[in-house]
Amino acid sequence: QKVEFSEDSQLISIGEFAFSKSSIERINIPKKCEHIEEGAFFECILLEMVEFHPNSKLQIIEERTFSKTSLKSIQMPKHIKTIGKDAFSNCNLLINIDFNENSELGLIGEQSFMNTPLIEIKIPDHVKQIGRKAFYNCRCLTNVELSKNSELISIEDYSFYYTSISSIFIPSKTKYIQYKAFIRCEKLENITIGSKSELYYIGNCAFFYNTSIKKFKVPANVQFIEKDSFDGYNLELEYEENSKFRF
């Protein structure tokens, strides 16, 4: 089944669990829709395609909105500011998420893409927080792209647990790498830190079980590296000039 709205639709919101567990396969979201509420398409197991108007005004995708659907790919509208908790979690066919080049996204919420087969993702520059377990257990995820202009401040607990990334760039404005953020990223070899890094805190077990990491350069602003932040096997720590921290 396909759900369509007219070009001049005045719909501004799709309510909580509006289509949840229904048999829809495709839907186009009208231009003026600004808000998709919690669970609107939760467990629509036949839903394979969601199309947004080219000039979509959508700003918020709430909790569990598309969780447990059959989406394979999705093109996110420019004005999206928030992707809520579990928004796309457990979408077992989802391999691709594309963000607009000028995306306004500021928050990738908790568990938002947890347990999906995403292969790569480019994090929009205005994202300030990657939430707890955002990409948890995304075992096919090999590439996470963050630009030097990224405004990312915090990478939360378990954000990239058990992914297959081999390298990661930590932007200059990132201050916090939280508890177990990259634990069990067993293929992770290279961590690159942006110039004039503001990194302040590396949490407990942040890079634990990552025995492929051989070298890490501690930025000058780092004040705390918690217990077992790195696995420690043959790890060589270097310190930026003017760094006062010693591990």
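Above this note sits the structure.
Let me begin by describing the structure that accompanies this report. (Residues numbered from 1 in each chain as written. Predicted model: local features only at pLDDT ≥ 70, side-chain atom pairs only at ≥ 80, totals over all residues. Heavy atoms only, no water.)

1. With respect to the pattern of salt bridges
Side chains that differ in charge, positive against negative, can pair when their charged atoms come close.
Working step 1: Summed over all chains, the structure comprises 11 salt bridges.
Working step 2: E48 is the salt-bridge partner of K72, the closest N and O atoms lying 3.8 Å from each other. On the criterion of sequence distance, the pair formed by K72 in the loop between β6 (60-61) and β7 (73-76) and E48 in the loop between β4 (35-36) and β5 (49-52) is long-range, its members being 24 residues apart.
Working step 3: In this structure, E151 and K128 form a salt bridge, with 2.8 Å as the shortest nitrogen-oxygen distance. Within this pair, whereas E151 is found in the loop between β13 (143-145) and β14 (154-155), its partner K128 is found in the loop between β11 (120-122) and β12 (129-130), the two being separated by 23 residues in sequence.
Working step 4: Classification of K128 by relative accessible area gives partly exposed; the value is 40%. (Salt bridge = Lys/Arg side-chain N within 4 Å of Asp/Glu carboxyl O. Helix = DSSP H or I, 4+ residues; strand = E, 2+ residues; numbered from the N terminus. Buried < 20%, exposed > 50% of the residue type's maximum accessible area, 1.4 Å probe, protein only.)

2. Comments concerning the layout of surface pockets
Working step 1: Its volume calculated, the largest pocket comes out at about 330 Å³.
Working step 2: Lining the largest pocket are 18 residues, with F99, N100, K122, I123 and P124 sitting closest to its centre.
Working step 3: Listed by contribution, the elements that provide at least two residues to the lining of the largest pocket are β9 (96-99), β11 and β13.
Working step 4: Among the residues making up the lining of the largest pocket, the classes are represented as five nonpolar, seven polar and six charged.
Working step 5: When its volume is computed, the second largest pocket comes out at roughly 200 Å³. (1 Å grid on protein atoms, 1.4 Å probe; cavity = no way out; pocket = protein on both sides within 12 Å on 5 of 7 lines; lining within 4 Å. Points joined across faces, edges and corners; volume = space filled by probe spheres on them. Nonpolar A, V, L, I, M, F, W, Y, C, P; charged D, E, K, R; others polar.)

3. Things to note about the sheet that holds strand β10 (residues 107-108)
Working step 1: Taken in spatial order, the 10 strands of this open sheet run β2-β4-β6-β8-β10-β12-β14-β16-β18-β20, and their pairing is parallel. Across the chains shown, the open sheet's two edge strands, defined by having one partner strand only, are β2 (13-14) and β20 (224-225).
Working step 2: Taken together, the two bridges between strand β16 (residues 176-177) and strand β18 (residues 201-202) define a ladder with parallel strand orientation. Of the residues in β18, the one forming a bridge with I177 is I202. (Pairing = 2+ DSSP bridges.)

4. Structural notes on the nonpolar core
Working step 1: Ranked by internal contacts, the top residues of the largest apolar core, which has 65 residues, are I36, F41, F88, F135, F182, I191 and F207.
Working step 2: Mapped by element, the contributors of at least two residues to this core are β3 (26-29), β5, β7, β9, β15 (167-170), β17 (190-193) and β19 (215-218).
Working step 3: If near-sequence neighbours (up to four positions away) are discounted, F135 is found in contact with I108, F113, L118, I121, I123, I130, L141, S159, F160, Y161 and T163.
Working step 4: Listed in part, the seven residues of the second largest apolar core include M114, I183, C205 and F208. (Core = buried A, V, L, I, M, F, W, Y, C linked by side-chain atoms within 4.5 Å. Contact = heavy atoms within 4.5 Å.)

5. Overview of the packing of aromatic side chains
Working step 1: Taken as a whole and assessed by the stated rule, the structure comprises 20 aromatic pairs.
Working step 2: Between Y176 and Y200 the ring centres are 6.4 Å apart and the planes differ by 75°, which places this aromatic pair in the edge-to-face class. With Y176 in strand β16 and Y200 in the loop between β17 and β18, this pair connects stretches of sequence that are 24 residues apart.
Working step 3: Taking the centre distance of 5.1 Å and the plane angle of 0° together, the rings of F182 and F207 count as stacked. Of the two residues, F182 is situated in the loop between β16 and β17 and F207 in the loop between β18 and β19; the sequence distance between them amounts to 25 residues. Both residues of the pair, F182 and F207, belong to the buried class.
Working step 4: Among the aromatic side chains, those forming a connected cluster through ring pairs are F19, F41, F66, F88, F113, F135, F160, F182, F207, F216 and F230. (Phe/Tyr/Trp six-rings, centres within 6.5 Å; stacked < 30°, edge-to-face > 60°.)

6. A short note on the sheet that holds strand β1 (residues 2-3)
Working step 1: Read across the sheet, three strands follow the order β1-β3-β5 without closing on themselves; strand pairing throughout is parallel. The two strands at the open ends of the sheet, each matched to only one other strand, are β1 and β5.

7. So, the pairing of β17
Working step 1: Only one face of β17 is buried, namely the one carrying I191 and I193, since none of N190 and T192 on the opposite face is buried.
Working step 2: Pairing of β15 with β17 involves four bridges; the strand directions are parallel. Considered in β17, the bridge of I168 is made with I191.

8. Examining the environment of L94
Working step 1: Take L94: it is sitting in the loop between β8 (82-83) and β9.
Working step 2: The exposure class of L94 is buried, given its relative accessible area of 0%.
Working step 3: Along the chain, L94 and I119 lie 25 residues apart, while their C-alpha atoms are 9.0 Å from each other.
Working step 4: Residues in contact with L94, not counting those within four places in the same chain, are L71, K72, S73, F88, F113, T116, P117 and L118.

9. Quick look at the side chain of S164
Working step 1: In this fold, S164 is placed in the loop between β14 and β15.
Working step 2: We classify S164 as buried; its relative accessible area is 16%.
Working step 3: One polar contact links the side chain of S164 to the main-chain carbonyl oxygen of R139, over a distance of 2.5 Å.
Working step 4: Once residues within four sequence positions are removed from consideration, S164 is found in contact with C138, R139, L141, T142 and K187. (Polar contact = N/O pair within 3.5 Å; in protein donor to acceptor, adjacent residues only side chain to side chain.)

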